[in-house]
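Structural features, examined
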Amino acid sequence: MGEGGRGLLIPREKQKKTPYGDRLLLDNVQGFIKPGTLGALMGSSGAGKTTLLDVLAQRKTEGTIHGSVLVDSRPLPVSFQRSAGYVEQMDVHELLSTVREALEFSALLRQNREIPREEKLRYIDTIVKLLQLEDLEHTLIGRPGAGLSVEQRKRLTIGIELVAKPSILIFLDEPTSGLDGQAANNTVRFLRKLAEVGQAVLVTIYQPSADLFAQFDTLLLLAKGGKTVYFGDIGHYTRTVKKYFADHGAPCPREANPAEHMIEVVSGSLSKGKDWNQVWLNSPEHEKITQELDTLIAEAAAKPPGTVDDGHQFAAPMWEQVKLVTHRMNISLFRNTEYINNKLILYILLSLYNGFSFWSIGNSVSDLQQRLFTVFSFLSVAPGLISQLQPIFIDRRNVYETREKKSKTYHWVPFVTSLIVSELPYLVVCGVLYFVCWYWTAGLPNDTKWAGSTFFVAIFYEMLYTGIGQSIAAYAPSATFASLVNPLVITTLVSFCGVFVPYSQITAFWRYWLYYLDPFNYLFGAFLTFTTFSVDITCERGELAVFNPPTNETCGNYLSTYQQGMGRGTNLLNPGATENCEVCRYTTGQDYLRTLNLDEEYYGWRNAGLVVLWAGVFYALVFLMMKLRTKATKRASA
């Protein structure tokens, strides 16, 4: 198709899709659609209507397709998928966008990059008036029953394709499905108007009323197995197509709906065992169509193309895609008050519960365990928040994969970038609240050096668990599947981080590789170093080891060799005493941390750096998982 619908779309030979062995879904389908015509694609359930539409629109990602799809007798241009409008049967939209925002998003990303922004926005006003959406412009789309009605959503779906200025063809997959009679009539009349101004429109439609069927110009009728049983004009008040079936022994009764009658004839109770595909192949109408197709190909090939391919798969440059997609995601997340409120409440309640459960931790030996437990409790927020963010990620991904990826609205990289970037402001805010509500109520070190270091790690912990959750969601087929994977991942990370099972007691097989690959190992290590390393330990009476040295020997002399070896780090409280020597197990927090494989102060910042690195690794993994999910569309081969 050329600008304004000039040109031709010609599927030739046969197209087949074979994801399951050699099952043939389309068999020797051929035809054409001219500018200014409204074509109907009909057939019984399972005849391959949607499959053919997907093949023509280059939206199939599985199977094998043989044959050719041509525009102006030339191979499809790189920009074909974004230059052809495709209205899905299911009206999939960003729920928290307004009607106007959805239209602007499509126009800015799909219209030619050479068109000024102001002109694109002016064109939206034209489409809004055409679709009678003025009163709904600033209404949130929402879900059916809590937003736009089914008919309004269908108009919006059509509008999103129209504001893209499709220059080649508009495909619609059962646009009247789910609509009442009046809404269906309004939709088809609107499509009729598009055809009258020169646009080529191809519609799959299932058993339309007689009045709706009469609105179409041409018909491609398929039987089961994807076989053609008729292609050509419908005629005035369906006279041409009714004459064809009458000439071959299946006249349409006066009171019958022609569309329903034809379906029954070729695939239902009225077929009487006749092979209507063979009837079509042997008919003079088929021979005439084949000759016309050859003539159209030859004539179109001799003329300059009606469209000029700009050579760009996506209309907008990559940076423009990133800005627009991220802007939409930011607005959507800001409007999702349920998600934000639940996130804030969970952070505040868990941090206060943690802080007051370990209120003003002291400096005794038993308090060292309290410090470890409060750090562990601090990290317990991750599972709940991962489960909260994954459904949002998957819902956004479904919108992208169902409509926006197939229409080449934008690349998958801006999509993933927008999901990551839109979360960052909330992670920082929640990280500040979480840290403030926990750190000082638990009585952890007040020195700026230690508090600031702990805060730094806390912020990147937010990013670490978000990266883990999003990387799982990026490849998970559903939110339910992701929720089943989460416990396996989190349990593994916690089990081998060296806290539940000390490093020296971890099974050798896991100790020498999984322990060092566990990001929670470095996370715990950084937190414990910053909160415990500098603490001076004061043993309570019950924690002291009390014993008598040999006669006439002081406690200090007796224990000097021990304290320089195995007892390094113990604190002898009365070295000059000759009886009742009092020994505390640790002198400072450093001595305790050595038992956890944290020997030096610099381990804290080393581990903090590795936490930052691991956060980056998991964010990179989100991109990788999304790349693995993104399959290229299948193109026809000769």
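Conventions and cut-offs
- Residues numbered from 1 in each chain as written.
- Predicted model: local features only at pLDDT ≥ 70, side-chain atom pairs only at ≥ 80, totals over all residues.
- Heavy atoms only, no water.
- Helix = DSSP H or I, 4+ residues; strand = E, 2+ residues; numbered from the N terminus.
- Rg over C-alpha atoms; globule rule 2.2 N^0.38 Å.
- Buried < 20%, exposed > 50% of the residue type's maximum accessible area, 1.4 Å probe, protein only.
- Core = buried A, V, L, I, M, F, W, Y, C linked by side-chain atoms within 4.5 Å.
- Domains from an automatic or database assignment.
- Contact = heavy atoms within 4.5 Å.
- Pairing = 2+ DSSP bridges.
- Axes fitted to C-alpha atoms, helices over the stretch in contact; angles between N-to-C directions.
- 1 Å grid on protein atoms, 1.4 Å probe; cavity = no way out; pocket = protein on both sides within 12 Å on 5 of 7 lines; lining within 4 Å.
- Points joined across faces, edges and corners; volume = space filled by probe spheres on them.
- Nonpolar A, V, L, I, M, F, W, Y, C, P; charged D, E, K, R; others polar.
- UniProt positions renumbered as here; feature names shortened; annotations may be inferred.
- Parallel < 35°, antiparallel > 145°, perpendicular 65-115°, else oblique.
- Left-handed = near helix turned anticlockwise from the far one by under 90°.

Bringing the overall build of the protein into the picture now. If you tally the helices and strands in the protein, you get 24 helices and 14 strands. Relative to the globule expectation of 26 Å for 638 residues, the C-alpha radius of gyration of the protein, 35 Å, shows a markedly less compact shape. Referenced to the eigenvectors of the C-alpha coordinate spread, the extents of the protein come out at roughly 125 × 50 × 45 Å. Per-residue burial over the protein gives 54% buried out of 638 residues.

Inspection of the secondary structure assignment puts L349 in helix α13 (residues 337-357). Overall, L349 belongs to the exposed group, its relative accessible area being 56%. Linking L349 and C437, residues 88 residues apart in sequence, is a C-alpha distance of 8.8 Å.

Core analysis: the biggest nonpolar cluster contains 92 residues, and Y465, F520 and L523 have the highest contact counts within it. The element best represented in this core is helix α17 (residues 448-475), accounting for 13 residues. Taken together, domain 1 (35-63 + 78-283) and domain 2 (336-533 + 599-632) each give at least three residues to this core, which thus spans both. Residues contacting F520, with those up to four places away along its chain left out, are L464, I468, L493, V494 and C497. In this structure, A40, L179, V201 and F216 belong to the second largest nonpolar core, which totals 84 residues.

Here we come to the sheet that holds strand β10 (residues 218-223). Spatially, 6 strands are ordered β5-β8-β9-β2-β10-β11 in an open sheet, and the strand pairing comes out mixed. Across the chains shown, the open sheet's two edge strands, defined by having one partner strand only, are β5 (85-87) and β11 (227-233). Between one strand axis and the next, the sheet turns by 15° as a mean value, whatever way the strands run. With 6 bridges joining them, β10 and β11 adopt antiparallel strand pairing. When the bridges of β11 are listed, L222 appears paired with T228. Of the strands in this sheet, β10 and β11 are in contact with helix α8 (residues 239-247), which crosses β11 at around 135°.

This part covers empty space enclosed by the protein. Counted under the stated rule, the structure contains 4 cavities of 30 Å³ or more. By volume, the second largest cavity amounts to about 80 Å³. Broken down by secondary-structure element, the contributors of at least two residues to the lining of the second largest cavity are α12 (318-335), α15 (381-404) and α16 (412-439). For the lining of the second largest cavity, the element with the highest residue contribution is α15, accounting for 4 residues. Looking at the lining of the second largest cavity residue by residue, the classes come out as 6 nonpolar, 2 polar and 2 charged.

Our next topic: the UniProt feature "transmembrane region" (unreviewed entry) in the protein. With numbering matched to this structure, UniProt assigns "transmembrane region" (unreviewed entry) to residues 344-361, 373-394, 415-441, 453-476, 488-513 and 603-625. Helix makes up 78% of residues 344-361 and strand makes up 0%, while its end C-alpha atoms are separated by 26 Å. Taken end to end, residues 373-394 has its terminal C-alpha atoms 34 Å apart, with 91% of it in helix and 0% in strand.

We now examine the layout of surface pockets. It is a probe the size of a water molecule, rolled over the atoms, that shows where empty space is left. Here the largest pocket is characterised by a volume of approximately 640 Å³. Contributing to the lining of the largest pocket are 24 residues, with H93, L95, R143, D395 and V399 lying nearest its centre. Of the residues forming the lining of the largest pocket, the biggest block, 7 residues, is contributed by α15. The class makeup of the residues in the lining of the largest pocket is 10 nonpolar, 6 polar and 8 charged.

Moving on to the packing of α8 against helix α9 (residues 258-267). One can describe the packing of α8 onto α9 by two numbers: an axis separation of 11 Å at closest approach and a directional angle of 30°. Comparing their axes, α9 and α8 come out roughly parallel. Every pair of crossing elements has a handedness; the one defined by α8 and α9 is left-handed. For the pair formed by α8 and α9, the contact residues are V241, K242 and F245 on the first element and P258, M262, V265 and V266 on the second. Taken together, the residues of the contact of α8 with α9 sort by class into 6 nonpolar, no polar and 1 charged.

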